[in-house]
Amino acid sequence: LARLAWEVSRGPIYQFVPGDEFRFMLSAARSADLIDQTVILDLEDGVPGDKDVAREVMMRLVPLFSGEPVSQEDVEYIWQHARGISRQPPADRTREEREQFDARFEQTAEGVRLKEEFRFPPGLRIVVRFNGLDTPEGTRDRLVVLGRNGHLIDGVCVPKDANANELAKEVGIL
């Protein structure tokens, strides 16, 4: 990863998606409009709750939506913590909701994969908007996201209130 969002965006940025929002990522993946476009997975103000949990959810969703296998434990973590699976808290979700959720996955020799029709389309560029470098969340965002899924991320988008000094620091990190 060595690019910022404006360097990978050859076309319009189709949409911002909260990094922990399963339903919105699923919607983006099924949109033909996203072929050869850019989607920004937002960890900044798109995540209203616990930023640490949202980051962990995103770390499991990005490989899934990119077609990589994850563990069954990762799928369970998504079921328990991702927003947008149901309007109900995990303890109150129905058997039918669980069956609908599970029907999107397939077991392979490598692990659990999202079925092809639910994955991000080929050519979709994934950009992540991190929290600011001056926040504890921002440092963890970069360490965790780039450390674990950097090979799947096409670029980063600096926080909306970043100044020139923060931008220079961001470039230095990349």
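Each remark here, short or long, concerns the structure printed above.
Residues numbered from 1 in each chain as written. Predicted model: local features only at pLDDT ≥ 70, side-chain atom pairs only at ≥ 80, totals over all residues. Heavy atoms only, no water.

When helices and strands are counted, the protein chain shows seven helices and six strands. Scanning the protein chain from its N terminus toward the C terminus, one meets helices and strands in the order α-β-α-β-α-α-α-β-β-β-α-β-α. In the protein chain, which comprises 174 residues, the proportion classed as buried is 48%. Within the protein chain, counting contacts between residues at least 6 apart in sequence, those at least 24 apart form 71% of the total. If you sum the accessible surface of the protein chain, you get close to 8,700 Å²; carbon and sulfur atoms cover 49% of it. (Helix = DSSP H or I, 4+ residues; strand = E, 2+ residues; numbered from the N terminus. Buried < 20%, exposed > 50% of the residue type's maximum accessible area, 1.4 Å probe, protein only. Contact = heavy atoms within 4.5 Å. Areas by Shrake-Rupley, 256 points an atom, 1.4 Å probe, with all protein chains shown as cover.)

Pairing analysis gives four bridges linking strand β3 (residues 105–108) to strand β4 (residues 111–114), with the strands arranged antiparallel. Bridging from a neighbouring strand, glutamate 106 pairs with arginine 113 of β4. Counting the residues that bridge the hairpin from β3 to β4 gives two residues. (Pairing = 2+ DSSP bridges.)

So, on to the pattern of salt bridges. Two side chains that carry opposite charge are able to pair once their charged atoms sit near each other. Applying the stated criterion to the full structure yields 13 salt bridges. Between glutamate 76 and arginine 98 there is a salt bridge, with the nearest N and O atoms lying 2.4 Å from each other. Of this pair, glutamate 76 sits in helix α4 (residues 72–81) while arginine 98 sits in helix α5 (residues 95–102), placing them 22 residues apart in sequence. Its relative accessible area of 29% is what places glutamate 76 among the partly exposed residues. Given the relative accessible area of 18%, arginine 98 is considered buried. Close ionic contact of glutamate 110 with arginine 113 constitutes a salt bridge, the shortest N to O distance being 3.4 Å. By relative accessible area, arginine 113 is classed as buried at 18%. (Salt bridge = Lys/Arg side-chain N within 4 Å of Asp/Glu carboxyl O.)

We now examine the side chain of serine 86. Its place among the elements puts serine 86 in the loop between α4 and α5. Of the residues examined, serine 86 reaches a relative accessible area of 16% and is grouped as buried. Within the structure, serine 86 has its side chain in polar contact with the backbone nitrogen of glutamine 88 (distance 3.0 Å). Within the local environment of serine 86, its side chain forms a polar contact with the side chain of glutamate 97, the two groups lying 2.6 Å apart. Excluding residues that lie within four positions of it along the chain, serine 86 makes contacts with Arg93 and Glu97. (Polar contact = N/O pair within 3.5 Å; in protein donor to acceptor, adjacent residues only side chain to side chain.)

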